[in-house]
Structure formats: structure tokens, C-alpha cells
Amino acid sequence: MTTVNEWVLRGVRPYVMSITLLSGIIFLGAAVAGFLGSLTGLGGGVVIVPLLALGLGVDIRYAIGASLVSVIATSSGAAVAYVREGYSNIRAGMLLEVATTLGATLGAFLTLHAPTQIIAVIFGVVLLFSTIPFRFANGAEHEIDPLAAKLRLDSSYPTADGQQSYHVRHVPLGFGLMALAGALSGLLGIGSGAMKVLAMDKAMGFPFKVSTTTSNFMIGVTAAASAGIFLRQGYIDPGLAMPTMLGVLLGSTLGARVLTRTATPVLRWVFNIVIVVLGIEMIFNGLTGRL
Amino acid sequence: MINLRERWTDQRVEEVISVLLRTGVVTAASVVLLGGIIYLIRHGASVPHYHQFHGEPPQYRTLKGILTDAFTFRGRAIIQLGLLLLILTPIARVVFSVAAFTLQRDRLYVAVTLIVLIVLLINLLWG
């Protein structure tokens with residue numbers, strides 16, 4: 001099968017794109033994804049792989065590699081804004097990173113050996129799940145948990161009425177969920193931010209603000225664990241990762257600037273619909289063996 | 001005199017880490033951009049082959065390969081150096097955390113952080 005036929009099959013216009021044109025399209029698409037991802041809090045990484053694989057016919061393994069380096073860039077770039085607020089819990093972050101990095105190692109290992117169709121189907125399912133809205137517990141009062149106290153995870157965070165202390169619980173459950181979040185991150189090249197927040201907020205009882213800021217800190221380290229493997233195994237292509245990473249970084253930086261001034265429920269709905277459509281397409285293309 | 005343990009409060013550690021992360025990302029992105037410009041000038045008109053997976057050649061996969069190849073000033077080699085710097089940024093953060101917990105004399109978290117660091121280094125060097 002010739003190159004042109006492959007492109008046609010994948011729904012791309014029947015002419016062969018040059019590297020410059022393709023890089024430009026990827027850069028713009030990644031910038032929009034990063035912008036919407038940061039505005040809606042869903043993260044840009046989740047639409048990068050479908051954009052590259054479904055939209056541009058890129059092999060899903062290259063797409064995962066390019067997406068993962070973008071995840072590191074946005075997580076590390078956003079850290080400054082988060083830290084200034086003084087919410088994150090560095091001990092909890094580091095302890096749970098043991099789980100996420102081990103999970104990410106396993107996830108990356110699965111990506112190296114699993115057929116791409118299965119990866120595509122799992123990706124689609126995760127996309128669909130990511131649109132389910134959760135009601136967060138928002139730091140309800142708990143009794144002191146002996147294991148959490150021993151690991152010194154209890155801490156305090158700033159509120160309008162001064163420092164508010166909190167106690168956390170269910171450390172083994174949170175640890176297990178973090179390992180799963182790490183595995184999905186390594187397997188699919190995404191940040192798994194929502195699942196990390198879920199594990200901290202719902203399972204462990206961290207206040208919501210503490211969960212989101214600590215989760216952002218963890219995303220970069222988690223992604224670096226699997227990115228090391230993907231780099232060694234030749235999944236990170238410089239020509240493809242370059243426009244993806246620069247685009248997402250630009251988009252998410254702009255998104256973070258306007259975040260505080262814009263009401264976003266409508267935007268979130270639009271982004272959710274896009275994600276559902278992409279999820280169904282990923283599953284369909286995986287099942288029919290086209291990815 | 002203020003001792004080291006008091007100076008390195010959690011909040012101070014986080015501030016230093018966030019500056020470290022931002023510096024790493026800005027440096028990495030600048031190197032990637034420079035490499036990208038050289039790459040597009042030299043190869044922008046050719047046709048990419050991303051629809052089929054080949055895997056990258058050895059000079060884009062190992063630390064030694066990336067470091068030596070970057071000095072040939074080829075676009076893709078410079079981009080890959082930038083991406084390596086990006087992957088090293090969170091790892092540098094973990095290294096700094098080991099030092100910070102050591103200064104705080106927090107043995108438990110020195111051990112926890114070392115586990116994370118070992119996993120990261122094994123994956124990058126032998127993964």
C-alpha cells in the first residue's frame with residue numbers, strides 16, 4: 001500500500017503533506033487542546049493522542065510519546081502558579097509518587113508489548129470515563145488515622161480565616177488508586193490528573209485545593225517515569241514531539257492566564273462532547289483494527 | 001543564628017522547586033524551538049512517515065547518543081536534547097527534594113524520595 005492510500009484511508013486529504021505543513025497543523029491543534037484543557041481543568045494531554053492518531057494518521061505509539069513530553073511541560077510550567085498559593089502537600093505528593101512512578105513503569109511496559117488496537121480501545125474507554133462529573137468531598141472532618149499520622153500526611157492549608165488543619169485517611173486505598181492512575185498515564189501518555197485528584201479528594205479526604213495542586217506536582221514526575229522508558233525504546237520522535245510540546249505549552253500558558261476571569265460551564269460542556277466523540281472514535285477504530 | 005532546619009520550611013522548599021521547574025521548562029522549550037527551526041529550514045519540504053512506526057535510531061534514544069549528536073547541530077538532534085532536558089526537569093525536582101528532606105532531618109521521607117529517584121533513573125538509563 002502506498003503512502004498516499006494510507007492517508008486517504010485515514011480520512012486525511014489525498015495529498016501528501018510536507019513536514020512544515022504537518023508541524024504547523026500539529027502546533028495549532030496542540031495549542032487549542034492545551035488552551036481548552038487548562039480552561040476546563042481536564043488537561044490537554046487527553047485530546048493530543050486522538051488528535052494525532054485519528055486526525056493526522058500518526059502511529060499511536062509516536063502519538064503517546066509526543067503527548068507524554070507535553071504533559072511534563074504543562075505540569076512543570078504550571079507549578080509556579082500553584083505553589084504561590086501554598087496548598088500542596090509535598091510529603092503526600094512524594095509518598096504517592098512511589099505508587100504513580102511504579103504504576104507508570106508498568107503502564108509503559110504494557111504499551112511496549114500490547115497491540116495498538118487494545119491501547120486504542122482502553123484510551124477510548126478512559127476518555128468516556130473522564131467526562132463523568134464527580135462531586136468532591138472537599139475536606140470533610142475525619143478522625144485521626146494512625147497510618148496517615150505516622151506518615152505525617154496530616155497538614156494545614158490557608159483559608160480566608162487563617163490556616164485550616166486537615167486529617168487524611170485510607171492511605172492504602174489512595175496508594176492503590178495512584179498506582180492505577182500512574183499505569184494509565186504510562187500506558188496512554190496522559191497526565192491522569194482527574195484520577196489523581198479523585199484518589200486524594202474522594203478516597204483519602206484531602207481538601208480539594210490541596211488535591212488539585214499536589215496532583216499537578218505529581219503529574220510531571222509520573223510522566224517522567226514512563227517518558228524515560230519511551231525515550232529509550234524510540235517512541236519519542238523529535239520531529240513530532242517538537243510542535244506538540246511547544247503548542248500545548250503555549251496553549252496551556254494562555255489558558256492559565258484567562259482562567260481566573262472566565263466562567264467556563266459552557267466551554268466544559270463543549271469540551272466534554274468533543275471528548276465523548278473522540279472516545280467513541282478511538283474505540284471504533286481500535287475494534288476495527290484501524291489504529 | 002538561624003539553623004538550616006528552620007530555614008528550609010516546606011513552603012520555602014516548594015518555592016525553590018517551582019523556580020527550578022520553570023527554569024527547566026523554559027530552557028527545554030527554547031532548545032526544542034531552536035532545534036525545530038533548524039529542522040524545518042533543512043527538512044521542512046520533505047514528507048514525514050509518522051503513520052508507520054519504526055522506532056527512533058540509537059542516537060535519539062540514549063543519553064550518550066543524544067549528548068554527542070546534539071553537537072553536530074542537526075535539528076532533530078537538538079530537539080531531542082531539549083526533550084531530554086524536559087524529562088530531566090521533574091527528576092531534578094526529586095533530587096532537590098532528597099536534599100531538602102535531608103536538611104530537615106526527615107529520614108522517612110529521604111527514603112521515600114530515594115525510591116522515587118531510583119525508579120526514575122532506572123527507567124531513563126536502562127528502560
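Residues numbered from 1 in each chain as written. Chains lettered and ligands numbered in written order. Predicted model: local features only at pLDDT ≥ 70, side-chain atom pairs only at ≥ 80, totals over all residues.

Draft legend 1. Molecular detail of the overall build of chain B. When you go through chain B residue by residue, the secondary structure sums to 5 helices and 0 strands. Scanning chain B from its N terminus toward the C terminus, one meets helices and strands in the order α-α-α-α-α. In terms of overall dimensions, chain B is more spread out than a globule: its C-alpha atoms have a radius of gyration of 19 Å, far above the 14 Å expected for 127 residues. Taken over the C-alpha atoms alone, chain B extends approximately 60 × 30 × 25 Å along its principal axes. For chain B, buried positions account for 39% of its 127 residues. (Helix = DSSP H or I, 4+ residues; strand = E, 2+ residues; numbered from the N terminus. Rg over C-alpha atoms; globule rule 2.2 N^0.38 Å. Buried ≥ 20, exposed ≤ 12 C-beta atoms within 10 Å, placed from the backbone.)

Draft legend 2. Structural context of the nonpolar core. The biggest cluster of nonpolar side chains holds 127 residues, and the ones touching the most others in it are Val69(A), Ile72(A) and Ile87(B). Broken down by element, the residue count for this core peaks at 14 residues, all from helix H4 (residues 60-85) of chain A. Discounting chain neighbours no more than four positions away, the residues touching Ile87(B) are Ile72(A), Ala224(A), Ala227(A), Gly228(A), Leu231(A) and Leu124(B). (Core = buried A, V, L, I, M, F, W, Y, C linked by C-beta atoms within 7 Å. Contact = placed C-beta atoms within 7 Å.)

Draft legend 3. Seen up close, helix H5 (residues 107-126) of chain B. With 20 residues, H5(B) should cover 28 Å at 1.5 Å per step; its first-to-last C-alpha distance of 28 Å lies within 8% of that length. Within the sequence span of H5(B), burial applies to Tyr109(B), Val112(B), Thr113(B), Val116(B), Val119(B), Leu120(B), Asn123(B) and Leu124(B). Axial view of H5(B): buried residues confined to an arc of 125 degrees, hence all on one face. Exposed positions of H5(B) whose direction lies more than 90 degrees from the buried face are Arg107(B), Ala111(B), Ile118(B), Leu125(B) and Trp126(B). Each element contacted by the buried residues of H5(B) is listed here: helix H5 (90-113) and helix H10 (208-232) of chain A together with helix H4 (75-103) of chain B. (Expected span 1.5 Å × (residues − 1). Arc of directions from axis to C-beta.)

Draft legend 4. Layout of the interface of chain A and chain B. Each side of the interface is counted separately: chain A has 51 residues, and chain B has 53 residues. Tallied by class, the residues present in the side of chain A that touches chain B amount to 30 nonpolar, 14 polar and 7 charged. (Nonpolar A, V, L, I, M, F, W, Y, C, P; charged D, E, K, R; others polar.)

Draft legend 5. Region of the structure containing helix H3 (residues 63-70) of chain B. Residue and element names in this part refer to chain B. Taken together, the buried positions of H3 are occupied by Ile-66, Asp-69 and Ala-70. Mapping the buried residues of H3 onto a view down its axis gives an arc of 100 degrees, with all of them on the same face. Residues of H3 that are exposed and point over 90 degrees away from its buried face: Lys-64 and Thr-68. Check the buried side of H3 and you find it contacts H4.

Draft legend 6. Geometry of unusual backbone geometry. Residues and elements named next belong to chain A. One non-glycine residue, His-170, adopts positive backbone phi at about 50 degrees. Here His-170 lies in the loop between strand E2 (162-166) and helix H8 (171-188). Not every positive phi belongs to a glycine, and Ser-192 is a case in point at roughly 55 degrees. As for its placement among the helices and strands, Ser-192 is situated in the loop between H8 and helix H9 (193-203).

Draft legend 7. Fine view of the packing of helix H6 (residues 116-130) of chain A against H8(A). Residue and element names in this part refer to chain A. Put simply, H6 and H8 touch, their axes get as near as 10 Å, and they point 130 degrees apart. Between H6 and H8, the crossing angle belongs to the class labelled oblique. Relative to H8, the crossing made by H6 is left-handed. Listed contacts from H8 to Ile-119, Ile-122, Phe-123 and Val-126 of H6 are Leu-184, Leu-187 and Leu-188. Split by residue class, the contact of H6 with H8 holds 7 nonpolar, no polar and no charged. (Axes fitted to C-alpha atoms, helices over the stretch in contact; angles between N-to-C directions. Parallel < 35°, antiparallel > 145°, perpendicular 65-115°, else oblique. Left-handed = near helix turned anticlockwise from the far one by under 90°.)

Draft legend 8. View of the environment of Phe206(A). All names here are of chain A. As for its placement among the helices and strands, Phe-206 is situated in the loop between H9 and H10. On the basis of neighbour count, Phe-206 is assigned to the buried category, with 32 C-beta atoms found within 10 Å. Taking the C-alpha atoms as reference points, Phe-206 and His-167, separated by 39 residues in sequence, lie 7.4 Å from one another.

Draft legend 9. Representation of the environment of Ile17(B) in the model. All names here are of chain B. Tracing the chain through its elements places Ile-17 in helix H2 (residues 10-43). Placed 105 residues apart in sequence, Ile-17 and Ile-122 show a C-alpha to C-alpha distance of 23 Å. Setting aside residues up to four positions removed in sequence, Ile-17 forms contacts with Arg-93 and Phe-96.

Draft legend 10. Looking closely at the packing of H10(A) against H5(B). Put simply, H10(A) and H5(B) touch, their axes get as near as 6 Å, and they point 30 degrees apart. One way to sum up the angle between H10(A) and H5(B) is to call them roughly parallel. Across the interface between the two elements, Val221(A), Ala224(A), Ala225(A), Gly228(A) and Ile229(A) of H10(A) pack against Val116(B), Val119(B), Leu120(B), Asn123(B) and Leu124(B) of H5(B). When the residues that make up the contact of H10(A) with H5(B) are grouped by side-chain class, the tally is 8 nonpolar, 2 polar and no charged.

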